[in-house]
Amino acid sequence: RTISCWSCTRFSAWIVGARNKQSELVLRAVLKCLLERILDRNKSVQEAACSAFATLEEEARGRLVPYLDDIVGTLVKAFDYYQAKNLLVL
């Protein structure tokens, strides 16, 4: 799961880029998976998912607006769930 998050980081420019003809579909699917991994029980997966989400957010910018309810809901749950180290990452 950690490596999958890393892969999302590496391909984030393509996920939202003009060369990807199905970028909205891919963005929605990747975002859904990353938000699920943000709430993973494994701390290293949580950290990787937060990092991947941050990278994707930098690339996607305003294209994430339709997903803000899901994003904010997940981050609020994560604040209750995370321990000291990953709270800093979040």
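Analysis parameters
Every residue gets a number counted from 1 within its own chain, in the order that chain's sequence is written. In keeping with the predicted nature of the model, local features appear solely for residues at pLDDT of at least 70, side-chain atom pairs appear and are counted solely at 80 or more, and the whole-chain, interface and lining totals rest on all residues. Side-chain numbers come from the whole structure's heavy atoms, not from hydrogens or water. Helix and strand definitions follow DSSP, with helices as H or I runs of at least four residues and strands as E runs of at least two, each counted in order from the N terminus. For the radius of gyration, the atom set is restricted to C-alpha positions; the globular benchmark scales as 2.2 Å times the number of residues to the power 0.38. Only protein chains enter the accessibility calculation, which uses a 1.4 Å probe. A residue is then buried if its area is under 20% of the maximum for its type, exposed if over 50%, and partly exposed in between. Any pair of residues with heavy atoms lying within 4.5 Å of one another is described as a contacting pair. All accessibility values rest on the Shrake-Rupley procedure with a 1.4 Å probe; residue burial counts only the protein chains present in the view. Residues counted as positive are Lys and Arg, residues counted as negative are Asp and Glu, and His and the chain ends are not counted. Charge positions come from single atoms, namely NZ of Lys, CZ of Arg, CG of Asp or CD of Glu. Side-chain atoms alone can form a polar contact between residues adjacent in sequence; in general such a contact is a pair of N or O atoms within 3.5 Å, and within protein one must be able to donate a hydrogen while the other accepts it.

J.: Break down the overall build of the chain for me, citing the residues and quoting the values.
T.: A tally of helices and strands in the chain yields six helices and zero strands. In the chain, the succession of α and β elements from N to C terminus is α-α-α-α-α-α. Taking 2.2 N^0.38 as the reference for a compact globule, 90 residues should give roughly 12 Å; the C-alpha atoms of the chain span a radius of gyration of 13 Å, in line with that estimate. Along the three orthogonal principal directions, the C-alpha set of the chain runs to about 40 × 25 × 15 Å. A total of 90 residues make up the chain; the buried ones form 34% of that total. In the chain, once contacts between residues fewer than 6 apart in sequence are set aside, the share between residues at least 24 apart is 65%. In the structure as shown, the chain presents an accessible area of about 5,900 Å², 57% of it carried by carbon and sulfur atoms. Averaging the locations of the 13 positively and 10 negatively charged side chains of the chain gives two centres separated by 6 Å.

J.: Please provide a residue-by-residue account of the side chain of D40, values included.
T.: Secondary-structure assignment places D40 in the loop between helix 3 (23–38) and helix 4 (43–60). Take D40: its relative accessible area is 9%, and that puts it in the buried class. At 2.9 Å, the side chain of D40 and the side chain of R1 are in polar contact. When sequence neighbours within four positions are dropped, the list of residues in contact with D40 reads R1, V45, Q46 and Y81.

J.: So what about unusual backbone geometry? Which residues, and what values?
T.: Residues other than glycine seldom take positive phi values, yet R61 does so here, at roughly 50°. One can find R61 in the loop between helix 4 and helix 5 (68–81). What makes R61 exposed here is its relative accessible area of 66%.

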